[in-house]
Amino acid sequence: MPQKYILTIDEGTTSTRALIIDHDGKTIADSQREFSQYFPHPGWVEHNANEIWNAVLSTIANAFISSSVQPNQIAAVGITNQRETTVVWDKKTGLPIYNAIVWQSRQTNEIAQKLNKNGYADMIHDKTGLVIDPYFSATKVRWILDHVKGAQERAEKGELLFGTIDTWLSWKLSGEKFHVTDYSNASRTMLFNIHKLDWDDDILKLLNIPRKMLPEVKGNSEVYGKTATYHFYGSAVPIAGMAGDQQSALFGQLALESGMVKNTYGTGSFIVMNTGKKPIMSANNLLTTIAYGINGEVNYALEGSVFVSGSAIQWLRDSMQLIENAPDSEEAARKSTSQDEVYVVPAFTGLGAPYWDAEARGAVFGLTRGTNRRDFIKAVLQSLAYQSRDVVDTMYKDTKIKIPVLRVDGGASNNNYLMQFQSDLLNIPIERAANVETTSMGAAFLAGLAVGFWDSVDDLRQIYKVGKKFQPQMEEERREELYGGWRHAVKATMEFKYQVKEDK
Ligand SMILES: Nc1ncnc2c1ncn2[C@@H]1O[C@H](COP(=O)(O)OP(=O)(O)O)[C@@H](O)[C@H]1O
Ligand SMILES: O=P(O)(O)OC[C@H](O)CO
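Small disclaimer: the values here were computed from a predicted structure and weren't measured. (Residues numbered from 1 in each chain as written. Chains lettered and ligands numbered in written order. Predicted model: local features only at pLDDT ≥ 70, side-chain atom pairs only at ≥ 80, totals over all residues. Heavy atoms only, no water.)

1. Observations regarding the site of ligand 1
As a structural note, the neighbourhood of ligand 1 is formed by 14 residues, with Thr 14, Thr 267, Gly 310, Gly 411 and Asn 415 the closest of them. Within the contact set of ligand 1, an oxygen atom lies 2.9 Å away from a backbone nitrogen or oxygen of Gly 411. Here an oxygen atom of ligand 1 and a backbone polar atom of Ala 412 are 3.3 Å apart. At a threshold of 2 Å from the grid points, most atoms of ligand 1 map onto the largest pocket. For the shell around ligand 1, the element with the highest residue contribution is helix H10 (residues 310-318), accounting for 4 residues. (Near = heavy atom within 4 Å. Polar contact = N/O pair within 3.5 Å; in protein donor to acceptor, adjacent residues only side chain to side chain. 1 Å grid on protein atoms, 1.4 Å probe; cavity = no way out; pocket = protein on both sides within 12 Å on 5 of 7 lines; lining within 4 Å. Sits in = over half its atoms within 2 Å of the grid points. Helix = DSSP H or I, 4+ residues; strand = E, 2+ residues; numbered from the N terminus.)

Structure below.
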């Protein structure tokens with residue numbers, strides 16, 4: 001039977017999905033499942049890694065059942081994942097020794113602060129391209145080794161393994177055989193030297209993390225091994241592409257030339273510029289990271305990570321109960337008659353780029369007696385665009401590259417009000433991918449290229465299609481007035497540092 005399809009696993013922050021894609025890039029099956037979010041204390045976010053694994057298995061099964069595609073028709077599997085989220089597990093039993101600590105979680109803030117206070121910021125930035133923040137995996141590994149009894153000793157003996165979700169899933173899928181990660185995910189751990197392309201012994205020593213527990217780092221598009229037949233309905237299929245979801249979206253958007261930029265509006269927003277073969281080290285708190293490495297050649301990227309964007313819309317739906325579903329936010333914003341005087345700063349888990357304030361918490365400004373539900377929803381939607389402008393302005397400061405067009409994707413990019421406001425606020429045209437699942441497409445492309453399913457990037461260019469375009473329409477004066485208000489709101493948010501103690 002000819003192998004006609006690629007299967008991708010996109011394991012995101014709130015849900016996991018499996019897609020089956022044909023040679024023309026058409027989605028043949030799309031199965032999605034949400035999993036539990038645990039918030040054991042304010043600011044902490046955890047997942048159950050076994051629940052994630054079960055969710056992945058069930059979406060794969062559903063994708064096969066709904067499409068009638070046979071597992072032996074799959075040419076390769078690609079994996080893409082929420083990045084930084086950290087799992088430590090027992091090599092023998094395969095069981096995690098603690099919940100997965102999610103990228104958003106602030107529980108390791110003290111460890112990060114200590115590193116900062118002790119003057120390691122420059123050293124860590126030079127080696128890893130990152131700023132010291134609880135966001136990255138390093139402090140999360142340290143926290144688990146500190147808080148699980150006997151863990152440090154077991155890690156030193158080689159009994160424990162660390163992995164981001166790509167590593168965890170490929171380890172599970174391979175029948176607990178291979179322990180690997182890829183350049184893009186490794187570059188988000190704060191343990192990886194992005195110039196030498198190896199784990200950094202100085203940082204490992206500083207954090208007392210044994211090298212033994214770290215995965216082998218591989219390229220983004222190569223055969224890492226095969227699925228265990230018992231997990232894949234009798235077929236051993238090559239696992240041939242892996243990438244962190246934001247880098248995967250960059251690849252899926254075919255933003256493969258230096259200076260090309262994409263923004264993915266999912267749980268958070270991640271603005272990534274491909275900077276080619278040379279890393280650009282930010283002087284303004286953006287991250288230098290690895291976009292992808294193929295056939296031994298690495299492309300770097302500059303990234304601004306915004307922690308809360310689409311999840312603020314979820315918050316409007318689930319916690320505030322102001323909308324029934326995410327798309328409702330568009331109609332509410334259009335019907336709002338406010339003059340945009342309300343600002344919501346959704347710093348629920350601190351602020352990411354370019355502020356890196358782990359202790360900031362959300363705030364609302366500009367309420368009047370006349371403010372209503374729609375005005376509030378509009379302000380939350382606008383906050384997604386304001387946060388992206390913060391990053392785009394910073395990118396300009398670092399690179400002096402004026403972005404000609406912003407390619408967008410991710411769930412919240414479906415919101416036309418938001419995309420128009422974003423284009424207005426940036427004064428940059430926006431192109432939305434016709435298929436906003438570019439994250440999955442990226443992993444499919446990487447896996448497909450590795451096994452010759454597609455011959456070259458030229459083949460991929462036939463597949464990628466631009467959907468709707470948005471042109472800036474706002475007057476300069478208005479744009480800068482609105483943005484000025486946002487800057488004030490952020491400043492005030494960062495000044496407010498007060499936390500009522502938890503009941504014991
Ligand atoms: N029409 C919409 N308007 C605004 N936000 C939306 C819309 N549709 C989806 N979202 C938001 O997008 C997010 C889901 O996007 P997705 O790309 O699947 O995220 P992730 O990969 O982080 O799980 C959710 O947080 C949801 O609130
Ligand atoms: O779950 P997403 O798609 O918002 O992505 C999360 C990022 O990878 C975190 O760095």
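2. Topic: the nonpolar core
Formed by 99 residues in total, the largest nonpolar core has its most connected members in Leu 191 and Met 213. The element best represented in this core is helix H12 (residues 373-399), accounting for 11 residues. Taken together, domain 1 (5-236) and domain 2 (254-497) each give at least three residues to this core, which thus spans both. Apart from the residues within four sequence positions on either side, Met 213 is in contact with Val 88, Val 141, Leu 145, Ala 155, Leu 160, Leu 161, Phe 162 and His 179. Tyr 5, Ile 20, Ile 165 and Phe 232 belong to the second largest nonpolar core, which has 34 residues in total. (Core = buried A, V, L, I, M, F, W, Y, C linked by side-chain atoms within 4.5 Å. Buried < 20%, exposed > 50% of the residue type's maximum accessible area, 1.4 Å probe, protein only. Domains from an automatic or database assignment. Contact = heavy atoms within 4.5 Å.)

3. A few points about the environment of Tyr 300
Assignment of secondary structure puts Tyr 300 in strand S18 (residues 297-306). Taking the C-alpha atoms as reference, Tyr 300 lies 8.9 Å from Ile 194; in sequence the two are 106 residues apart.

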